[in-house]
Amino acid sequence: MVKISEGFEFRHPFSVHTFSGESVDFLVERKGGFTKSLTDMQVGQKADLTGPLGNGFKVQDVKAIFALGGGIGSAPLAVFEKTSLKTRYLVGARNVNSSPGYGLPPDRTYVVTEDGSLGEKGVVTDYFEKFYEQGEAVFACGPEAMLRKVVQICRDKKVENAFFCLEALMVCGIGACAGCTTSLLKNSKKVCSDGPVFKLEDLV
Ligand code: FES
């Protein structure tokens, strides 16, 4: 959870894009006042960070990964490069200007854009079945409509291991305000403290 002093009362949630030594990288889409102010900050200016909070991707019982990212939902996927697991990526964005695939290995990343300006034309869920290889665990992060479709495809294909990193509005980030519930979950779990990563069985 990130707080900046300039005119914003609340913290905003970001997933970790990658990390090295004592530094952590965030991939931020400039969209809305907070992210514009955040990305306008100069070297030396300070932001207040709380975290890491919630859970993360669990890969203990996984042999190979098929990771899907929609829009800025591809931000947390690069952490799989910190594992030794065979990982392939399928990421989508509106167009080439959104830099789909940023930070991911080009030789193992399929890119789709809605206007066809980079990679295949369409959305991630159009290409799931074409690129998915049986036995891979699915990890997905992106907008709600995309995740609902991925859930459906995983159930149809009987994917054994599927995990979903959910997005939600957050205020406290520690399970205290009930501001981060989502209709994607079967029970009234909190995205910030019970998640943000949930198993296929937890989703409607
Ligand atoms: Fe407050 Fe999740 S953001 S409970």
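Nothing here was measured: the structure is a model prediction, and the numbers come from that model.

K.L.:
Even after reading the chapter, I still don't get the packing of aromatic side chains, so can you show me in this structure?
P.N.:
How two aromatic rings sit relative to each other is set out by the distance from centre to centre and by the angle between their planes. Overall, the coordinates contain twelve aromatic pairs when judged by the stated rule. Taking 6.3 Å as the distance between ring centres and 25° as the angle between the ring planes, the aromatic pair formed by phenylalanine 14 and phenylalanine 34 counts as stacked. Here the residue phenylalanine 14 occupies a position in the loop between strand S1 (2–3) and strand S2 (18–20), and phenylalanine 34 occupies one in helix H1 (residues 33–39), the gap between them amounting to 20 residues. With a centroid separation of 6.2 Å and 25° between ring planes, the pair formed by tyrosine 127 and phenylalanine 131 is classed as stacked. In this pair, tyrosine 127 and phenylalanine 131 both sit in helix H2 (residues 124–131), four residues apart, roughly one turn of the helix. Look at tyrosine 127 and you get buried, because its relative accessible area is 13%. Here the aromatic cluster, defined as three or more aromatic residues joined through ring pairs, consists of Phe8, Phe14, Phe26 and Phe34. Sitting above the plane of the phenylalanine 19 ring, lysine 82 keeps its charged end 4.8 Å from the centroid.

K.L.:
What is the right way to look at the pairing of strand S9 (residues 137–141) in this model?
P.N.:
Here is the key point about a regular strand: its side chains alternate between the two faces of the sheet. Burial analysis of S9 places five of its five residues in the buried class, which makes it a mostly covered element. Here S9 shows no split at all, with Ala137, Phe139 and Cys141 on one side and Val138 and Ala140 on the other all buried. Direction of pairing for strand S5 (residues 64–70) relative to S9: parallel, over a ladder of five bridges. Bridge assignment links phenylalanine 66 to a residue of S9, and that residue is valine 138. Pairing analysis gives four bridges linking S9 to strand S10 (residues 162–165), with the strands arranged parallel.

K.L.:
Hey, could you run me through the sheet that holds strand S6 (residues 86–93) in this one?
P.N.:
Pairing between the strands of a sheet is mediated by backbone hydrogen bonds and can be parallel or antiparallel. Pairing is mixed in the open sheet, where seven strands are placed in the order S8-S7-S6-S5-S9-S10-S11. The open sheet has two free edges, formed respectively by strand S8 (120–121) and strand S11 (197–199), since each of these has just one partner strand. Strands in contact with H2 are S5, S6, strand S7 (109–113), S8 and S9; relative to S6, the strand with the most contacts, it is inclined by about 155°. Sitting on the sheet, helix H3 (residues 144–156) is in contact with S5, S9 and S10, with an inclination near 165° to S9.

K.L.:
So what exactly am I meant to see when it comes to the layout of surface pockets here?
P.N.:
In this approach a probe as big as a water molecule rolls over the atoms, and the regions it shows empty are the leftover space. By volume, the second largest pocket is sized at about 170 Å³. Lining the second largest pocket we find Val2, Phe14, Val24, Phe26, Val28, Leu38, Ala47 and Leu49.

K.L.:
When you look at the state of the cysteines in this model, what are you seeing that I'm missing?
P.N.:
Note: disulfide means a covalent bond formed between the sulfur atoms of two cysteine side chains. This structure, assessed with the given rule, holds zero disulfides. In this model cysteine 141 remains outside any disulfide bridge; the closest cysteine sulfur is found in cysteine 165, 4.0 Å from its own. On the accessibility criterion, cysteine 141 (4% relative accessible area) is buried.

The rules behind the values
- Residues numbered from 1 in each chain as written.
- Predicted model: local features only at pLDDT ≥ 70, side-chain atom pairs only at ≥ 80, totals over all residues.
- Heavy atoms only, no water.
- Phe/Tyr/Trp six-rings, centres within 6.5 Å; stacked < 30°, edge-to-face > 60°.
- Helix = DSSP H or I, 4+ residues; strand = E, 2+ residues; numbered from the N terminus.
- Buried < 20%, exposed > 50% of the residue type's maximum accessible area, 1.4 Å probe, protein only.
- Lys NZ or Arg CZ within 6 Å of the ring centre and 35° of its normal.
- Pairing = 2+ DSSP bridges.
- Contact = heavy atoms within 4.5 Å.
- Axes fitted to C-alpha atoms, helices over the stretch in contact; angles between N-to-C directions.
- 1 Å grid on protein atoms, 1.4 Å probe; cavity = no way out; pocket = protein on both sides within 12 Å on 5 of 7 lines; lining within 4 Å.
- Points joined across faces, edges and corners; volume = space filled by probe spheres on them.
- Disulfide = S-S within 2.5 Å.

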